[in-house]
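Each chain is listed here by its residues.
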Amino acid sequence: MRKFQLAIHHIVGRPLRSALTVLGISIACAGSLSVTGLIQGVQDSLEQGMEEPGADFVVGERASFSLVGGSLPEALGPKLMEVPGVEQVSGVLFNVETVDNSGNVVVSGWPRESFLWKSLDLAEGRIPAADETRSIVLGQSIASALRKTVGDEIEIRFTKFRIVGVARFTSYLNQNIALIPLDVLQEFLNRQGSVTFYQVRLQRPLDTEQIAAIRTNLSMAAGNYAVFDSGEFASDIRLIQVIRAIADTISAIMLGLALVLVATTLLMAVNERTYEIGVLAALGWSDFAILSLIVLEGVLISAVGAVLGVVLGLGVMEVAADTDMAAGYLRPYTTGALILRTIVLTIAIGTLGALYPAWRATRLDPAEALRRQ
Amino acid sequence: MALVELNQVRREFDGGRIVALHGISLTIQDGETLAIVGPSGSGKSTLMNLLCGLDHPSSGEVKFEGRPITGRLDWRRIRQNHVGIVFQSFCLLPELTARENIEVAISGNVKDSERRARSLDLLNAVGLAERANHKPPRLSGGERQRIAIARALINRPRLVLADEPTGNLDQNTGRSVLDLLLGVVRSKGAALVMITHEPAVASCCGRRIKIVDGRIVSDSDHA
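### Some words on the overall build of chain A
Then comes step 1: In terms of regular secondary structure, chain A is built from 14 helices and 12 strands.
Then comes step 2: Relative to the compact-globule value of 21 Å for 373 residues, chain A shows a C-alpha radius of gyration of 28 Å, a clear excess of over 25%.
Then comes step 3: Along the first, second and third principal axes, the C-alpha set of chain A runs to 95 × 50 × 30 Å.
Then comes step 4: By residue count, 51% of the 373 residues in chain A fall in the buried class.
Then comes step 5: Taking all contacts inside chain A whose residues are at least 6 apart in sequence as the whole, residues at least 24 apart take part in 80%.
Then comes step 6: Taken as a whole, chain A presents about 16300 Å² of accessible surface, with 60% of it coming from carbon and sulfur.
Then comes step 7: Where the 29 positive side-chain charges of chain A centre and where its 36 negative ones centre are 8 Å apart.

### Some remarks on the interface of chain A and chain B
Then comes step 1: Between chain A and chain B, the residue contacts involve 25 residues of the former and 24 residues of the latter.
Then comes step 2: Each partner contributes to the roughly 2200 Å² buried at the junction of chain A and chain B, and carbon and sulfur atoms together form 51% of this total.
Then comes step 3: Run the count over chain A and chain B and you get two salt bridges.
Then comes step 4: The salt bridge partner of Arg76(B) is Asp287(A), with a shortest N-O separation of 2.5 Å.
Then comes step 5: Those elements giving two or more residues to the side of chain A that touches chain B turn out to be α1 (3–13), α11 (274–282), α12 (287–321) and α14 (366–370) of chain A.
Then comes step 6: The element that contributes the greatest number of residues to the side of chain A that touches chain B is α11(A), accounting for six residues.
Then comes step 7: Here the residues of the side of chain A that touches chain B sort into 14 nonpolar, six polar and five charged.

### A word on the pairing of strand β6 (residues 83–86) of chain B
Residues and elements named next belong to chain B.
Then comes step 1: In β6, alternate side chains face the same way, and those of Val83 and Ile85 on one face and Gly84 and Val86 on the other are all buried.
Then comes step 2: Bridge count for β6 against strand β7 (residues 159–163) is four bridges, and the pairing is parallel. Opposite Val86, over in β7, you have Ala162 as the bridge partner.

### Some words on the environment of Lys160(A)
Residue and element names in this part refer to chain A.
Then comes step 1: Tracing the backbone shows Lys160 in strand β8 (residues 159–168).
Then comes step 2: The partly exposed category is assigned to Lys160, whose relative accessible area is 47%.
Then comes step 3: In this structure the C-alpha to C-alpha distance between Lys160 and Val99, which are 61 residues apart in sequence, comes to 9.9 Å.
Then comes step 4: Excluding residues that lie within four positions of it along the chain, Lys160 makes contacts with Arg134, Glu153, Ile154 and Glu155.
Then comes step 5: Of note is the side chain of Lys160, whose polar atom sits 3.2 Å from the side chain of Glu155.

### Some details on unusual backbone geometry
Most peptide bonds adopt trans geometry, and most residues besides glycine take a negative phi value.
Then comes step 1: Residue Pro205(A) follows Arg204(A) across a cis peptide bond; omega there is -5°.
Then comes step 2: Structurally, Pro205(A) is set in the loop between β11 (197–202) and α8 (208–222).
Then comes step 3: At Asp14(B), a residue that is not glycine, the phi angle is positive and equals roughly 55°.
Then comes step 4: The residue Asp14(B) is located in the loop between β1 (4–13) and β2 (18–28) in this model.
Then comes step 5: Relative accessible area serves as the criterion here: at 45%, Asp14(B) is assigned to the partly exposed category.

### Some thoughts on the sheet that holds strand β5 (residues 67–68) of chain B
Then comes step 1: Strand order in the open sheet formed by four strands is β2-β1-β4-β5 (chain B), and the pairing between neighbours is antiparallel. Sheet topology places β2 and β5 of chain B at the edges, where each strand pairs with a single neighbour.

### Considerations on the packing of helix α10 (residues 238–272) of chain A against α12(A)
Residue and element names in this part refer to chain A.
Then comes step 1: Orientation of α10 relative to α12, taken along the N-to-C sense of each, is 140°, at an axis distance of 11 Å. Taken together, the axis directions place α10 and α12 in an arrangement best described as oblique. Considering how the two elements wind past one another, α10 and α12 form a crossing that is right-handed. From α10, Val262, Leu266 and Val270 reach across to α12, where they touch Ile294, Glu297 and Gly298.

### Overview of the confidence of the model for chain B
All names here are of chain B.
Then comes step 1: The predicted model of chain B averages 88 in pLDDT, with 99% of residues at 70 or higher.
Then comes step 2: Taken element by element, chain B is modelled with least confidence in helix α6 (residues 171–188), mean pLDDT 83, and with most confidence in β1, mean pLDDT 94.
Then comes step 3: The ipTM for the predicted assembly is 0.85, set against a pTM of 0.74.

### Brief notes about the sheet that holds strand β8 (residues 191–196) of chain B
All names here are of chain B.
Then comes step 1: Read across the sheet, six strands follow the order β6-β7-β8-β3-β9-β10 without closing on themselves; strand pairing throughout is mixed. Each end of this open sheet is capped by a strand with a single partner; those strands are β6 and β10 (215–219). Averaged over neighbouring strand pairs, the angle between their axes works out to 20° when direction is ignored.
Then comes step 2: For β7 and β8, the ladder comprises five bridges, and the chain directions are parallel. Looking at the pairing, Leu161 lines up with Val193 of β8.
Then comes step 3: Packed on one face of the sheet, helix α1 (residues 44–51) meets β3 (33–37), β6, β7, β8 and β9 (207–212) and runs near 155° to β7.

What counts, and where the lines are drawn
- Residues numbered from 1 in each chain as written.
- Chains lettered and ligands numbered in written order.
- Predicted model: local features only at pLDDT ≥ 70, side-chain atom pairs only at ≥ 80, totals over all residues.
- Heavy atoms only, no water.
- Helix = DSSP H or I, 4+ residues; strand = E, 2+ residues; numbered from the N terminus.
- Rg over C-alpha atoms; globule rule 2.2 N^0.38 Å.
- Buried < 20%, exposed > 50% of the residue type's maximum accessible area, 1.4 Å probe, protein only.
- Contact = heavy atoms within 4.5 Å.
- Areas by Shrake-Rupley, 256 points an atom, 1.4 Å probe, with all protein chains shown as cover.
- Lys, Arg positive; Asp, Glu negative; His and termini not counted.
- Charge placed at Lys NZ, Arg CZ, Asp CG, Glu CD.
- Buried area = accessible area lost by both parts, 1.4 Å probe.
- Salt bridge = Lys/Arg side-chain N within 4 Å of Asp/Glu carboxyl O.
- Nonpolar A, V, L, I, M, F, W, Y, C, P; charged D, E, K, R; others polar.
- Pairing = 2+ DSSP bridges.
- Polar contact = N/O pair within 3.5 Å; in protein donor to acceptor, adjacent residues only side chain to side chain.
- Axes fitted to C-alpha atoms, helices over the stretch in contact; angles between N-to-C directions.
- Parallel < 35°, antiparallel > 145°, perpendicular 65-115°, else oblique.
- Left-handed = near helix turned anticlockwise from the far one by under 90°.
- pLDDT = per-residue confidence, 0-100.

So, in structure tokens, the structure goes:
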């Protein structure tokens, strides 16, 4: 009779309690995975969205609170263009708007002559013409979600825009973006002469040292503004940091609850099985053998809970990302590393929760325990 | 050299207000069969617990194979490898089958096939091979005690301790279990220490000691 089999016997022998404990752990695990995954998804899609147009650097405000919070003067663009090695600079104005009074969409304003328009991969239609002020291009996901196509109209702040093109993007952020000329958006938001950040494309070919030198020169030209790569830009946004901190706290609380749950369940089990533990001690089981039996039960319960929790968490992320209000912002972020991390963390928590009950089990006096039959 | 030796062993409880054993000295030799008799509360079970390290003396010394044993770990090792215990209440784990209850006591890294072979061999010896996959609640009292005897012998112990092994059984079943216990223990060459109330049971052992109020009042070896 191996310890593993005995542990399985104990877990299966109390099916309701084991099932409830596993359920509790899986909910905690799902909560942890989904809050971590969703915030990671926001950051990841922002990072990919910045990278997708082929920009090497982003010039923006240091520690901007939100993605749309930056305000840089348009006059900075020409200065950045003067930096040797810079091929293209494009100011971008970002805002979040409610479309057709239903879903939220990120509206991005690009200068009419920007390389961003030129590198756009259109699925259908065209980009806004030079004299058009109420034309808009939608990312294919938001177009599909709104059931709109070229020629249809959408309403933003009581103003109707005609859809002239639908663009293909790979990043989640851009798939759900609405693009209009920068001057139109500036007027629309009353932010003339201002952009949210600049995207900078470098000349090619360049080696690592040259890129670093250009970055230094860009920083000098940018003055009080910072030069980021897309990953740094995404992680530097304070709002994401704040949400990440909240997500980490919620995740820690949930996993803490899982720890308490495992500890409580196994303490109850140890108390109920005092007699049995006494028998095992009387048979000569070592303290380590008894301790590892109880810990093994904790590991098995938490492992099952972790696997179920991952499945549940993936479902929660899908549902959360599917809501109208979340469209364009939240997406399930499910890398193997994140899933593995969640499973390992949950099992580690289960092991930790089992240690105290297991230690209590080894402290039982076998003679006293045997009298408890 | 004696297998087990108790020198002036005293066991107190409740801060010394209750004295279960008053300086008992006793030696048990290899292969010996010893019955411990005495009225309820005389200290028989306390003595048995001290013989296998389930309890520890307040003073005095317990030696196993000439070596003083004091630590929990030493006693666990001795119980695992050298001592088999048969309890009055069987002490089987209800969720395990008869075979698993025997195998749970196997010490060391033993292959599954050997575990299976050893447990089935003992189940045969106690006449319960066909009950190998039955769980204790589906076994009679006599069958449970036979399983407990098989479990006590699984590690080929040098000492078997039996606390009222027939106490929970009817007379006929008790007799057959006793015969089985004595037969198997003798065939394995182990020493047997048996606690009993019943003179007829005690008379089956080669040596008898009587305990009253925590003191040995008679020892047939020294009669």
